[in-house]
Amino acid sequence: MRIGTTLTFALAACSADVAPTLDAGGSTDMEECSSRPAAEFMALREVPEPAPPPRWGHVAGYDAKRSRMLVFGGTNADGRRADVWELGETWKEIPTEAGPSGRFTSGSIMDPARDRWVVMTGDDGEARDDVWALALDTHRWNEMPKGPSARFDVASASAGRRAWFFAGFAEGFIPLDDLWELDLETDEWRELPAEGTRPAKRTNCAIAEHLGFLYVLGGHDDEALTRDFWRYDLASLAWEAVGGPADLSAWAHFAYARGEGALLWMTGGDNDDYVDVASIWRVTLGSPLVIDEIPLGADQAVVPARRHATLVLGEELILYGGASGRRDVLGDTRRGGIEAGQASVG
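Everything numeric in this text was worked out from a predicted model, so none of it was measured. The residue numbers shown here count from 1 along each chain, following its written sequence. In keeping with the predicted nature of the model, local features appear solely for residues at pLDDT of at least 70, side-chain atom pairs appear and are counted solely at 80 or more, and the whole-chain, interface and lining totals rest on all residues. The side-chain quantities take in all heavy atoms of the structure and omit both hydrogens and water.

**Points about the sheet that holds strand 13 (residues 127-135)**
Phase 1: Between any two strands, pairing holds if DSSP finds at least two bridges. Secondary structure counts use DSSP, requiring at least four H or I residues in a row for a helix and at least two E residues in a row for a strand, with both numbered from the N terminus. Taken together, 4 strands build an open sheet; the order of strands is 11-12-13-14 and the sheet is antiparallel. If you trace the sheet from one side to the other, it starts and ends with strand 11 (107-111) and strand 14 (141-144), each paired once. Mean inter-strand twist for the sheet, computed between neighbouring axes without regard to direction, equals 25 degrees.
Phase 2: Examined bridge by bridge, strand 12 (residues 116-123) and strand 13 share 7 bridges and lie antiparallel to one another. Lines are fitted to the C-alpha atoms to define the axes, a helix being fitted only along its stretch in contact, and any angle between axes, read from their N-to-C directions, falls within 0 to 180 degrees.

Structural data, given as structure tokens:
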């Protein structure tokens, strides 16, 4: 399934002061936005073929030194994949030496200081605990020391010499709540303490680091959505709930990517029900979170998706692949940025 037209999104500039919010204690302010000025919009264009085979549950990273997006793994009707692709101006498959087994729902982070891409855990028919690094100059895989127990659907983030991996599912769809830190200079792991109040066990959430805090957004456990927001203080090693919107159109399975400064972008997702959305959220990290949803124009033929890949390259947003509904596996790539002008009305 492919999309061959330019896609235009209105950017809702609803004030955080009047948008419905969820405070740290769970109460809501349901006052509606009285106006939604749309002075800018996002236009996404399709990247033409050649393209990787359709897939979902893959991981992606940005190799800034070579100005390319990388994609590993995922799954489709042919099974779990172990291929690596790069997107510069066009897509190209990268031959690699023997590395991780074909898998999906791994975690990954870029380590530019050591010119490598770290991929950990995932599902290759069972939950995995192995950790691999792809050398970005030679495209050779090297196995790294293990850290967290076997899992899939793990959330991952990094900043400087440290990376963090949070929660996920253990074998048998058992949700987890542990937080691990990887020192990228020494390749040593440690589980971070979490005394006192802490998030419920979950998977398929978003995570990002900003100014010494790790922010966790949404997700679900083995029974229900986790409709909340948390942050972990990396100095005091303690969790606290933070406020944010109470009415997101999706709470799990979105793709997410760090932007400049305090920004985190989330795209698509569902509510653990196969009813996907095509929303784009611009998140300003802090307490409370400020989340602006970019509503689709009424005339936009966008395929709602989940478990796809999203990256921010400079001022561009890139989306690739994913699943839609119960059966469709997507192979389209869309990229574009925010532009000023007349926006569609959604």
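**Brief notes about the nonpolar core**
Phase 1: Working definition of a nonpolar core: buried Ala, Val, Leu, Ile, Met, Phe, Trp, Tyr and Cys residues. They are joined through side-chain atoms within 4.5 Å. Only protein chains enter the accessibility calculation, which uses a 1.4 Å probe; a residue whose area is less than 20% of its type maximum is buried, one above 50% is exposed, and one in between is partly exposed. Leu217, Phe229, Met266, Trp281, Val283, Leu289 and Ile291 are the most contacted members of the largest nonpolar core, which has 19 residues in total.
Phase 2: Elements that contribute at least two residues to this core include exactly strand 19 (206-210), strand 20 (213-217), strand 25 (263-267) and strand 26 (280-284).
Phase 3: The biggest single contributor to this core is strand 20, with 3 residues.
Phase 4: Contacts: residue pairs with any heavy atoms within 4.5 Å of one another. Among residues more than four places away in sequence, those in contact with Leu289 are Tyr215, Leu217, Phe229, Val242, Gly243, Gly244, Pro245, Val283 and Thr284.
Phase 5: In this structure, Ala157, Cys205, Leu214 and Tyr232 belong to the second largest nonpolar core, which totals 16 residues.

**Re the side chain of Asp123**
Phase 1: Within the element layout of this structure, Asp123 appears in strand 12.
Phase 2: On the accessibility criterion, Asp123 (11% relative accessible area) is buried.
Phase 3: We call two N or O atoms a polar contact when they sit within 3.5 Å, provided that within protein one can donate a hydrogen and the other can accept it, with sequence-adjacent residues counted only if both atoms are side-chain atoms. A polar contact of 2.7 Å, which involves the side chain of Asp123, links it to the backbone nitrogen of Gly125.
Phase 4: A distance of 3.4 Å separates the side chain of Asp123 from the backbone nitrogen of Glu126, its partner in a polar contact.
Phase 5: Filtering out sequence-adjacent residues up to four positions away, Asp123 remains in contact with Arg80, Gly102, Arg103, Phe104, Thr105 and Phe152.

**Concerning unusual backbone geometry**
Phase 1: Residue Pro50 is bonded to the preceding Glu49 through a cis peptide linkage, with omega at 5 degrees.
Phase 2: Position of Pro50 among the secondary structure elements: in the loop between strand 4 (40-46) and strand 5 (59-63).
Phase 3: Here the amide bond leading from Ser287 into Pro288 is cis, since omega sits at 5 degrees, within 30 degrees of zero.
Phase 4: Secondary-structure assignment places Pro288 in the loop between strand 26 and strand 27 (290-294).
Phase 5: Positive phi, close to 50 degrees, is recorded for Ser67, a residue that is not glycine.
Phase 6: Structurally, Ser67 can be placed in the loop between strand 5 and strand 6 (68-72).

**Here we look at the pattern of salt bridges**
Any two side chains of opposite charge can pair, on the condition that their charged atoms come close.
Phase 1: A carboxyl oxygen of Asp or Glu within 4 Å of a side-chain nitrogen of Lys or Arg is what we treat as a salt bridge. A full pass over the atoms with the stated rule returns 30 salt bridges.
Phase 2: A salt bridge links Asp83 to Arg55, with the shortest nitrogen-to-oxygen separation between them at 2.9 Å. You can see Asp83 sitting in the loop between strand 8 (79-80) and strand 9 (84-87) and its partner Arg55 sitting in the loop between strand 4 and strand 5, a full 28 residues away along the chain.
Phase 3: For Asp83, a relative accessible area of 11% translates into the label buried.
Phase 4: Here Arg307 ties to Asp153 by a salt bridge, and the two come within 3.0 Å at their closest N and O atoms. Pair noted here: Arg307 is in the loop between strand 27 and strand 28 (309-313) and Asp153 is in the loop between strand 14 and strand 15 (155-159), with a separation of 154 residues, a long-range link. Asp153 shares its class with Arg307; the two are buried.
Phase 5: Counted as one network, the salt bridges with shared partners bring together Asp63, Arg66, Arg68, Glu86, Lys92 and Asp115.

**A closer look at the sheet that holds strand 21 (residues 229-233)**
Adjacent strands of a sheet pair through backbone hydrogen bonds, lying either parallel or antiparallel.
Phase 1: With respect to topology, 4 strands assemble into an open sheet ordered 19-20-21-22, the strand pairing being antiparallel. Each end of this open sheet is capped by a strand with a single partner; those strands are strand 19 and strand 22 (238-241). On average, each strand axis in the sheet is inclined to that of its neighbour by 25 degrees, with strand direction left out of account.
Phase 2: Sheet topology note: the strand 19/strand 20 ladder contains 5 bridges and is antiparallel. Bridging from a neighbouring strand, Ala206 pairs with Leu217 of strand 20.

**Digging into the packing of aromatic side chains**
Phase 1: Side-chain rings of Phe, Tyr and Trp (the six-membered ring for Trp) are treated as a pair once their centres are within 6.5 Å; stacked means planes under 30 degrees apart, edge-to-face means over 60, and tilted covers the remaining angles. Per the counting criterion, the structure on display carries 13 aromatic pairs.
Phase 2: With 5.5 Å between their ring centres and 50 degrees between their planes, Phe165 and Trp189 make a pair best called tilted. One end of the pair, Phe165, is in strand 16 (residues 162-170); the other, Trp189, is in strand 18 (residues 188-191), with 24 residues separating them in the sequence. Across this residue pair, the class does not change: Phe165 and Trp189 are buried.

Shape is all these values report; function is a separate question.
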